[in-house]
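# Structural overview for review
Each chain, written out:
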Amino acid sequence: MLPEGRATAAETCGDGARSPRDPSPRAILFSSVAAALARAPAVSDDGVATTRAAELTELGAAEAVQRMVRGELKAERYAQALLERCHAGSALNAFISIEPQRVLEAARDADRQRQAGVPPGPLFGLPVPVKDSVNTRDYPTTAGTPALRGFRPAQDAPLVARLRAAGAIVLGKTNLHELSYGWTSNNRAFGAVHNPYDPTRIPGGSSGGTAAAVAARMAPLGVAEDTEGSIRVPAAMCGLVGFRPTTGRYATQGCVPISPLFDQVGPHARSVTDAALFDSVAAADPAPLAALAVQGVRIGVVRDYFFADLDANVERATERVLERLTRAGAVLIESRMPDLARLIELTTDAVQNHDVRFALADYLEEQRAGVSFAEVVARASADIQATFSRDVLPGGPGFVSEEAYAAARDRYLPALRRIYAEYFASTGVQAMLLPATLVPPPRIGDEGPQRAAARELPFDVAVARNIAPASTAGLPGLVLPAGLTPQGLPLAIELDGPSGADRALLGLGRAVEALLDPMPAPPL
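These notes cover the structure that comes with them. (Residues numbered from 1 in each chain as written. Predicted model: local features only at pLDDT ≥ 70, side-chain atom pairs only at ≥ 80, totals over all residues. Heavy atoms only, no water.)

### Details of the overall build of the chain
- Regarding its fold elements, the chain presents 18 helices and 16 strands.
- Since a compact globule built from 524 residues should have a radius of gyration of about 24 Å, the 22 Å found for the chain is in line with a globular shape.
- When the 524 residues of the chain are sorted by exposure, 62% land in the buried category.
- Considering only residue pairs separated by 6 or more positions, the chain has 76% of its internal contacts joining residues 24 or more positions apart.
- Accessible area for the chain stands at about 18700 Å²; split by element, carbon and sulfur atoms hold 52% of it. (Helix = DSSP H or I, 4+ residues; strand = E, 2+ residues; numbered from the N terminus. Rg over C-alpha atoms; globule rule 2.2 N^0.38 Å. Buried < 20%, exposed > 50% of the residue type's maximum accessible area, 1.4 Å probe, protein only. Contact = heavy atoms within 4.5 Å. Areas by Shrake-Rupley, 256 points an atom, 1.4 Å probe, with all protein chains shown as cover.)

### Re the nonpolar core
- Among the nonpolar cores identified, the biggest contains 122 residues, and Tyr-78, Phe-306, Tyr-420 and Leu-480 are the most heavily contacted of them.
- The residues contacting Tyr-78, other than those within four sequence positions of it, are Leu-56, Leu-59, Ala-64, Met-68, Leu-73, Gly-125, Leu-126, Pro-127 and Pro-220.
- With 21 residues, the next largest nonpolar core counts Ala-143, Leu-148, Val-256 and Ile-384 among its residues. (Core = buried A, V, L, I, M, F, W, Y, C linked by side-chain atoms within 4.5 Å.)

### Re the environment of Ala-470
- Here Ala-470 is to be found in helix 17 (residues 468-473).
- Look at Ala-470 and you get buried, because its relative accessible area is 1%.
- Residues Ala-470 and Arg-418 lie 52 residues apart in sequence; the distance between their C-alpha atoms is 12 Å.
- Apart from the residues within four sequence positions on either side, Ala-470 is in contact with Arg-232, Tyr-420, Leu-475 and Asp-496.

### Observations concerning the pattern of salt bridges
- This structure, assessed with the given rule, holds 33 salt bridges.
- Between Glu-55 and Arg-52 there is a salt bridge, and its shortest N-O distance comes to 3.4 Å.
- Relative accessible area serves as the criterion here: at 41%, Glu-55 is assigned to the partly exposed category.
- Arg-52 gets classed as exposed once you look at its relative accessible area, which sits at 53%.
- One salt bridge in this structure joins Asp-383 and Arg-188, with 3.6 Å as the shortest N-O distance. With Asp-383 in helix 14 (residues 382-391) and Arg-188 in the loop between strand 5 (186-187) and strand 6 (191-192), this pair connects stretches of sequence that are 195 residues apart. (Salt bridge = Lys/Arg side-chain N within 4 Å of Asp/Glu carboxyl O.)

### Details of unusual backbone geometry
- Looking along the chain, the bond that leaves Gly-205 and enters Ser-206 is cis, with omega of 10 degrees.
- Of note in this structure, Ala-284 is not a glycine but carries a positive phi near 50 degrees.
- Mapping Ala-284 onto the fold places it in the loop between helix 9 (272-282) and strand 10 (298-302).
- Even without glycine at this site, Asp-309 takes up a positive phi of about 60 degrees.
- Mapped onto the secondary structure, Asp-309 falls in the loop between helix 10 (303-306) and helix 11 (312-327).

This is the structure:
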């Protein structure tokens, strides 16, 4: 039996349709939201006329926090507006669990603290959705997989604890590709997440629920997680800013892992300013972003790898951004990275498919989840079982031997990091610019070859080829929305910077963002 005000998504079919095992998963999940909002008393803003909920959901995180800190907007009123939006967008299936009564009570407590004169934190009163692979003490952490459906961690992940200490409120836990092992967020256990710009399309994976929630104005800022591209692909496909910091910049303890060499959490946001706000809290780095101008900035373009085989819409959008940068005075530095493809082929998948067996087993034991790695795999959805049987478990054709892993970790990964360091040193560029994905968002269930340029590409190549290199090398990457296709589907670019240059990359991103057209809200 679920406590009052709490609901958890039930099992659904892979296309998001209802499973015979549960007649109405989304209705169950969001019935508590409707009930909580119906019971909640009307709340007016302090000192000003009541603001329409639709206007509140358009606020960015920094602006919403400032208004709440100044007392112009009650935290409870803001939480109500976001919960109403969550209810209105429930068909997107962005959440696995949500506890509206808990959210509203935390918002009321924030209002009481402000009235009592307690100094507000930088995220004061801000409801933040958290990917359901990041531990929270008061919500289950399912990793989107059946064996962990009822697992409740004893404590928050350090990142969540830091966000709460800064004043944030956990809005709920968001849906994802099961065990974060895929690009679509077509979750066979909890239902597919749908793209707010076209619900027949994927939102990207694996952090698709957080991306869908932020794009659909259910929150202005959310927690995602990225091993090979799980922050940046959903950001690109949902028209968002997505920031993956330098590996190790944020704590990743208490997060369901794939590989400690690559795993990193980070934000989805609708502006670079809000991504930088998240970074300042998560990294304890409150230094303001430098006010950069694009004039004279050196930006790298590597066409031999990142610009090959692009969908025509992706190519046009990227070239349009490059043209605007040139007109604004940026200096484009064209060069090649001839060994990049080989090193990615030798490192990225080998490290992940090897490490997940050990990292996930250790997590389950350390967190006292009550299930083993073998039990998680045995109870996983058929598509995940097939992937693990093929690429992760001994005996599969893609199984990574200890010898192959040692070569990937000790020879090829250092070589990859070295060619990136040499690239930035020799070119003097502040960042490299590239199309984030090769194609716009594919349709849900269409996970076969994707047509780009004049040929068909494997699905993972079309979606993930461009975002894999930087994260494998441990570099910071920032996705920016670059417009819509004629069919209204989001397109995006990525800026990759040198290791450790996170605040500088965010500063450059804000300057580039100012040259781009504003991203329209999806037609929810």
